[in-house]
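Next come the chains, spelled out residue by residue.
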Amino acid sequence: QVQLVESGGGLVQPGGSLRLSCVASGNIFNVNAMGWYRQAPGKQRELVAVITNGGSTNYGDSVKGRFTISRDNAKNTAYLQMDSLKPEDTAVYYCNLKNFVSSTRISYVYWGQGTQVTVSS
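Residues numbered from 1 in each chain as written. Predicted model: local features only at pLDDT ≥ 70, side-chain atom pairs only at ≥ 80, totals over all residues. Heavy atoms only, no water.

## Things to note about the environment of Thr 90
Here comes step 1: Within the fold, Thr 90 resides in the loop between strand E8 (77–82) and strand E9 (91–100).
Here comes step 2: Thr 90 has contacts with Ala 40, Gln 116, Val 117, Thr 118 and Val 119, leaving out every residue within four places of it along the chain.
Here comes step 3: A polar side-chain atom of Thr 90 sits 2.9 Å from the main-chain carbonyl oxygen of Pro 87. (Helix = DSSP H or I, 4+ residues; strand = E, 2+ residues; numbered from the N terminus. Contact = heavy atoms within 4.5 Å. Polar contact = N/O pair within 3.5 Å; in protein donor to acceptor, adjacent residues only side chain to side chain.)

## Thoughts on the state of the cysteines
Covalent bonding between the sulfur atoms of two cysteines defines a disulfide.
Here comes step 1: Evaluation of the coordinates by the stated rule reveals 1 disulfide.
Here comes step 2: The partner cysteine of Cys 22 in its disulfide is Cys 95, sulfur to sulfur 2.0 Å. Looking along the S-S bond of the Cys 22-Cys 95 disulfide, the torsion reads about -85 degrees, which is the left-handed sense. Taken as a pair, Cys 22 in strand E3 (residues 18–26) and Cys 95 in strand E9 lie far apart in primary sequence, 73 residues in all. Take Cys 22 and Cys 95: they sit in the same class, and that class is buried. (Disulfide = S-S within 2.5 Å. Buried < 20%, exposed > 50% of the residue type's maximum accessible area, 1.4 Å probe, protein only.)

## Considering the pattern of salt bridges
Here comes step 1: Under the definition given, this model contains 4 salt bridges.
Here comes step 2: Of the charged contacts in the structure, one is a salt bridge between Arg 38 and Glu 46, with a shortest N-O distance of 2.6 Å.
Here comes step 3: Classification of Arg 38 by relative accessible area gives buried; the value is 5%.
Here comes step 4: The class of Glu 46 is partly exposed, set by a relative accessible area of 33%.
Here comes step 5: Residue Asp 89 is joined to Arg 38 by a salt bridge in which the shortest nitrogen-to-oxygen separation is 2.9 Å. A residue pair is termed long-range when its members are at least 10 positions apart, and Asp 89 in the loop between E8 and E9 and Arg 38 in strand E4 (residues 32–39) qualify at 51 residues.
Here comes step 6: Residue class for Asp 89 comes out buried when judged on its relative accessible area of 0%.
Here comes step 7: Among the ionic contacts, a cluster of salt bridges with common partners joins Arg 38, Glu 46, Arg 66 and Asp 89. (Salt bridge = Lys/Arg side-chain N within 4 Å of Asp/Glu carboxyl O.)

Spelled out as structure tokens, the structure:
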């Protein structure tokens, strides 16, 4: 089992910045990916950014160039630096970890409880 604890959400004005953190603990496989998804009221959950333990990244189209994902493997922690925030970035942000079973297509997915990000003047 894996536990994910998010922090860093809050209220920020348009154009501002926030940094989210997600600390993972438990049974973390050698091959894994950590990421952030978000869900706004009335909308489906969408990918924000993901990073593998090897450092490969992928971003949702709406955040490219504004958000940066990083991780500290020694601390099992992922970070999401969010700059140039817009009101449409308002959502609950969920941390996600996928454990991959090597040489198979099997993966185990875990979610954090979410942290609210509100962008408003």
